[in-house]
Every structure is written in structure tokens, then in C-alpha cells.
Amino acid sequence: MKIGDIYKHKKTDSLIQIDSFAHYMNKIDSELIIVFRNIERHNEFETGYCPSENGYGSAEDIEREYELLVKREDLPNYKYWNELFAFVLR
């Protein structure tokens, strides 16, 4: 799991992108918290992030509900977010 990776929800096909990693305050040696952004399709011409709906969880939580769709290294293969939405709808 890397910053920038795109995941697809296993049931709803919603998309998230890994945004950052964190620790609980004063517990640097604790389990990492994964912070992600929800990617929302507004219409066929406009897509974007929904910062009001950011989320977080453990790697296990995310992997239980989501599956990796596009690795960060592969993102340059896509020009627009709509290409990713089309990829999910196939």
C-alpha cells in the first residue's frame, strides 16, 4: 500500500486514493493509520475529490473492504479521472 494507490470498494465500486500515513498521538510505534480520499464522479466531464468525506483505517480494514485498482506507478497511464471510472464500470 503506497501513497497514490487507487482502491475500489468490493461491493459499491466507489474509489479511494491513499493520501497519507499516520500514527496515534504519542504512540509512534503503534500500527499505522491509512488516510484516504474518496474520489467522486460528478458528471461525465468533471471528477474530483470529496475532502469532506476523507476517511482512515488500518491497512487490514481497507484491504477487507477494498481491492487495489491502480498502483501509483501506473497512474501516468491514465490522463483523466474519467478513464479510471470507465475502467471500474467495465
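For clarity, every value in this text was computed on a predicted model and none was experimentally measured.

J.: Hey, could you go over the pattern of salt bridges for me, with residue numbers and the actual values?
T.: Scanning the entire structure with this criterion turns up five salt bridges. A salt bridge links K2 to E73; its shortest N-O distance comes to 2.5 Å. Taken as a pair, K2 in the segment before β1 (6–9) and E73 in the loop between β6 (66–70) and α2 (81–89) lie far apart in primary sequence, 71 residues in all. The closest approach of N and O atoms between D61 and R64, which form a salt bridge, is 2.6 Å. Placement of the pair is D61 and R64 together in helix α1 (residues 59–65), with a separation of three residues, close to one helical turn. For D61, a relative accessible area of 31% corresponds to the partly exposed category. A network of salt bridges, in which partner residues are shared, links K8, D13 and E67.

J.: Can you explain the pairing of strand β2 (residues 15–22)? Please cite residues and give values.
T.: Two strands pair when backbone bridges link them, and β1 and β2 are joined in this way by three bridges, in the antiparallel orientation. The residue bridging Y7 from the neighbouring strand is I16, located in β2. Hairpin connection of β1 to β2: five residues between the antiparallel strands, including D13 at a positive phi of 65°. As defined by bridge partners, β2 adjoins strand β3 (residues 33–41) across seven bridges and the pair is classed as antiparallel. Bridge assignment links Q17 to a residue of β3, and that residue is R37.

J.: Give me the lowdown on unusual backbone geometry, citing residues and values where you can.
T.: Despite not being glycine, D13 has its phi angle at roughly 65°, a positive value. Relative to the helices and strands, D13 is located in the loop between β1 and β2.

J.: Lay out the environment of F85 in plain terms, naming residues and giving numbers.
T.: Mapped onto the elements of the fold, F85 is located in helix α2. Put simply, F85 and R41 are 44 residues apart on the chain and 7.7 Å apart in space, counted from C-alpha to C-alpha.

J.: Go over the nonpolar core with me, naming the residues and quoting the values.
T.: I6, L15, I39, L69, V70, L84, F85 and V88 together form the largest nonpolar core, which totals eight residues. When contributions to this core are tallied by element, the ones reaching two or more residues are β6 and α2. Top contributing element to this core by residue count: α2, with three residues. Apart from residues lying up to four places away in sequence, V70 is in contact with D5, I6, L75, Y78, L84 and F87.

J.: Please give an account of a nonpolar patch on the surface that cites residues and values.
T.: Taken together, the side chains of M1, I3, F21 and L32 present a nonpolar region at the surface, about 310 Å² in accessible area. Mapped onto the elements of the fold, M1 is located in the segment before β1.

The rules behind the values
Residues numbered from 1 in each chain as written. Predicted model: local features only at pLDDT ≥ 70, side-chain atom pairs only at ≥ 80, totals over all residues. Heavy atoms only, no water. Salt bridge = Lys/Arg side-chain N within 4 Å of Asp/Glu carboxyl O. Helix = DSSP H or I, 4+ residues; strand = E, 2+ residues; numbered from the N terminus. Buried < 20%, exposed > 50% of the residue type's maximum accessible area, 1.4 Å probe, protein only. Pairing = 2+ DSSP bridges. Core = buried A, V, L, I, M, F, W, Y, C linked by side-chain atoms within 4.5 Å. Contact = heavy atoms within 4.5 Å. Patch = residues over 30% accessible without salt bridge, like charges linked within 9 Å, V, L, I, M, F, W, Y side chains within 5 Å. Areas by Shrake-Rupley, 256 points an atom, 1.4 Å probe, with all protein chains shown as cover.

Function-wise, these values are silent; they only describe arrangement.
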